[in-house]
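This is what each chain is made of:
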Amino acid sequence: AREKAKFELLFGLASIGALLSIPSEGTLLSSASSSLRSWLHSAPYTSPSFASLFLPAAAWTGVVTCAYTIYAQSYGQRYVTATKSNLIYTAQPLFSAAVAAVLVGERLGG
């Protein structure tokens, strides 16, 4: 689990670095690269309100929804057969819909 998390972190950082190194014009990804550069240069992240909203959200996204789930999945798969784990992963949309219905009252259909 740790090796997978390390790889995903390094791959994400390498992807951002590669995107920033793309020339601003003449390539397929130039619009994404120039958009990222202009966002970084506009400095919205220097305002206190942005930091107070963005930093906890980024920490939650990185730690809970990525790192913890990778670790928990790898830990749990040690004790479950391949057939059972396949059924669990296949039923994930059903679990998500049930949780959304219970927690926030979402309903299927129009």
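Now for a look at the structure at hand. (Residues numbered from 1 in each chain as written. Predicted model: local features only at pLDDT ≥ 70, side-chain atom pairs only at ≥ 80, totals over all residues. Heavy atoms only, no water.)

With that settled, the discussion passes to the overall build of the chain. Along the backbone of the chain there are five helices and zero strands. Its helices and strands taken in sequence order, the chain reads α-α-α-α-α from the N to the C terminus. Out of the 110 residues in the chain, the part that is buried amounts to 6%. In the chain, of all internal contacts separated by at least 6 residues, the share reaching a separation of at least 24 is 16%. (Helix = DSSP H or I, 4+ residues; strand = E, 2+ residues; numbered from the N terminus. Buried < 20%, exposed > 50% of the residue type's maximum accessible area, 1.4 Å probe, protein only. Contact = heavy atoms within 4.5 Å.)

This part covers the packing of aromatic side chains. By the definition in use, this model includes three aromatic pairs. Measuring from centroid to centroid gives 5.9 Å for F7 and F11, while their planes differ by 20°, and the two rings are stacked. With F7 and F11 both in helix 1 (residues 2–21), this residue pair falls four residues apart, about one helical turn. Taken as a pair, F7 and F11 share a single burial class, namely exposed. Seen from their ring centres, Y71 and Y75 are 6.4 Å apart, and the 20° between their planes marks the pair as stacked. Note that Y71 and Y75 are positioned in helix 3 (residues 48–77) at a spacing of four residues, about one turn of the helix. Three or more aromatic residues joined by ring pairs form one cluster here, namely Y71, Y75 and Y79. (Phe/Tyr/Trp six-rings, centres within 6.5 Å; stacked < 30°, edge-to-face > 60°.)

There is a patch of nonpolar side chains on the surface, built from Y68, Y71, Y75, Y79, V80, I88, Y89 and F95 and spanning about 880 Å² of accessible area. Elements that contribute at least two residues to the nonpolar patch include exactly helix 3 and helix 4 (82–90). A total of three residues in the nonpolar patch trace back to one element, the largest contributor, which is helix 3. With relative accessibility at 40%, the residue Y75 sits in the partly exposed group. (Patch = residues over 30% accessible without salt bridge, like charges linked within 9 Å, V, L, I, M, F, W, Y side chains within 5 Å. Areas by Shrake-Rupley, 256 points an atom, 1.4 Å probe, with all protein chains shown as cover. Salt bridge = Lys/Arg side-chain N within 4 Å of Asp/Glu carboxyl O.)

Here S85 shows up in helix 4. Within the structure, the side chain of S85 is placed 2.9 Å from the backbone oxygen of A82, a separation counted as a polar contact. (Polar contact = N/O pair within 3.5 Å; in protein donor to acceptor, adjacent residues only side chain to side chain.)

A few words now on the environment of K6. Position of K6 relative to the elements: it lies in helix 1. For K6, a relative accessible area of 47% translates into the label partly exposed. For the pair K6 and A67, spaced 61 residues apart in the sequence, the C-alpha separation amounts to 9.3 Å.

Here the focus is the packing of helix 4 against helix 5 (residues 92–104). It is at 4 Å that the axes of helix 4 and helix 5 come closest, and there the two elements cross at 45°. It follows that helix 4 is oblique to helix 5 by the angle criterion. The segment helix 4 lies against helix 5, with I88, Y89 and T90 engaging Q92, P93 and F95. The residue inventory of the contact of helix 4 with helix 5, partitioned by class, reads four nonpolar, two polar and no charged. (Axes fitted to C-alpha atoms, helices over the stretch in contact; angles between N-to-C directions. Parallel < 35°, antiparallel > 145°, perpendicular 65-115°, else oblique. Nonpolar A, V, L, I, M, F, W, Y, C, P; charged D, E, K, R; others polar.)

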